[in-house]
Amino acid sequence: GLYLTIMYIAITLGSFVPGWLAGTVPPRGLFVAAGIAGIPSLVLMGQVQTLWQLVGLTAVLWFCGGVGLALISVFTGMVANKQQRGKSFGLLSLTVPLGALVAGAMGSWLLAWQGYATLFWMYGTTWLALPLIGLLALPRQQKQALNESKAKRPQPKTAPLGRTFYLLTLISLLAATAMNVGRFGTTVSMQLLSFSAESVASTATVSGLVAIPVTFYIGALSDRLGRKQILAVG
């Protein structure tokens, strides 16, 4: 339980970083830095000898992940067509079950074949995609364009976030709490039942298969039927 708590504290802090550094550090550079910083943490996780080594490395990794995930949402919001924003974010959310599917299948096989060290080396290699995407695919002149835009017009006062924002934040918090209590309970239950590491990893594969069609259609439906209606059904 403490391990999971520290993980989620780390990803929460990482999610705040792009906002704290907005206008100071170019988003592209921050994305690349977070991607590079996560690689040694992943590789070293396969070499740990104590729980606290694992906790520390996981915290660093999840902090970097929080930075990256927040920036991915920002970039998606900037380029998504307004009429298809639900579809865009739905496709983005599809990475979660797809990741669970691929990682669960690959993790089960690698654990049975070579063990944890090889598994985390492979994950570290996969993580290389993040800095490569940042270097090759994200815009280079984003900060410059932003500064030029600021110089051309007077800056308005910061608008309040508003009641709707805080209500949505509360809803998200309640949903995430319920989901993660269930996730923690499932993990402990499988341990008490003496499930093998391969069996535990396979649950991620199954959950990914179930979630993929739901995640794929929910965003597109929100474009047609409205965000509030889909949120209420969910």
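Residues numbered from 1 in each chain as written. Predicted model: local features only at pLDDT ≥ 70, side-chain atom pairs only at ≥ 80, totals over all residues. Heavy atoms only, no water.

When you go through the protein chain residue by residue, the secondary structure sums to 11 helices and zero strands. Counting from the amino terminus, the protein chain carries its helices and strands in the arrangement α-α-α-α-α-α-α-α-α-α-α. Taken along the three principal axes of its C-alpha coordinates, the protein chain extends 60 × 40 × 30 Å. In the protein chain, which comprises 234 residues, the proportion classed as buried is 27%. For the protein chain, the proportion of contacts with a sequence separation of at least 24, taken over those separated by at least 6, is 77%. Taken as a whole, the protein chain presents about 15,300 Å² of accessible surface, with 71% of it coming from carbon and sulfur. (Helix = DSSP H or I, 4+ residues; strand = E, 2+ residues; numbered from the N terminus. Buried < 20%, exposed > 50% of the residue type's maximum accessible area, 1.4 Å probe, protein only. Contact = heavy atoms within 4.5 Å. Areas by Shrake-Rupley, 256 points an atom, 1.4 Å probe, with all protein chains shown as cover.)

Another point: the nonpolar core. Counting residues in hydrophobic clusters, the biggest one holds 16 residues, and the most contacted among them are Leu-42, Met-45, Val-67, Leu-71 and Trp-127. Every element with two or more residues in this core is listed here: helix H2 (27-45), helix H3 (51-79) and helix H6 (116-127). Other than its neighbours up to four places away in sequence, Val-67 contacts Gly-14, Ser-15, Val-17, Pro-18, Leu-30 and Ala-34. (Core = buried A, V, L, I, M, F, W, Y, C linked by side-chain atoms within 4.5 Å.)

Here Thr-76 shows up in helix H3. The class of Thr-76 is buried, set by a relative accessible area of 13%. Not counting the four nearest positions on each side in its chain, Thr-76 is found in contact with Ser-88, Phe-89 and Leu-92.

This next bit is on the packing of aromatic side chains. Summed over the entire model, instances satisfying the criterion amount to five aromatic pairs. With 5.3 Å between their ring centres and 90° between their planes, Tyr-8 and Trp-62 make a pair best called edge-to-face. On the criterion of sequence distance, the pair formed by Tyr-8 in helix H1 (residues 2-20) and Trp-62 in helix H3 is long-range, its members being 54 residues apart. The exposure class of Tyr-8 is partly exposed, given its relative accessible area of 24%. You can call Trp-62 partly exposed: its relative accessible area is 24%. Centroid distance Phe-31 to Phe-75: 6.3 Å. Interplanar angle 75°. Geometry classified as edge-to-face. On the criterion of sequence distance, the pair formed by Phe-31 in helix H2 and Phe-75 in helix H3 is long-range, its members being 44 residues apart. (Phe/Tyr/Trp six-rings, centres within 6.5 Å; stacked < 30°, edge-to-face > 60°.)

One pass over the structure, following the stated rule, counts one salt bridge. Between Asp-223 and Arg-227 there is a salt bridge, with its nearest N and O atoms 2.8 Å apart. (Salt bridge = Lys/Arg side-chain N within 4 Å of Asp/Glu carboxyl O.)

Attention now goes to the packing of H2 against H3. Two elements in contact, H2 and H3, have axes whose closest approach is 8 Å; the angle formed by their N-to-C orientations is 150°. Here H3 runs roughly antiparallel to H2, going by the angle between their axes. Once H2 is placed against H3, the crossing between them reads as left-handed. When H2 is examined against H3, the residues Pro-27, Arg-28, Leu-30, Phe-31, Ala-34, Ala-37, Gly-38, Ser-41, Leu-42, Leu-44 and Met-45 are found in contact with a partner set consisting of Leu-54, Leu-57, Thr-58, Val-60, Leu-61, Cys-64, Val-67, Gly-68, Leu-71, Ile-72 and Phe-75. (Axes fitted to C-alpha atoms, helices over the stretch in contact; angles between N-to-C directions. Parallel < 35°, antiparallel > 145°, perpendicular 65-115°, else oblique. Left-handed = near helix turned anticlockwise from the far one by under 90°.)

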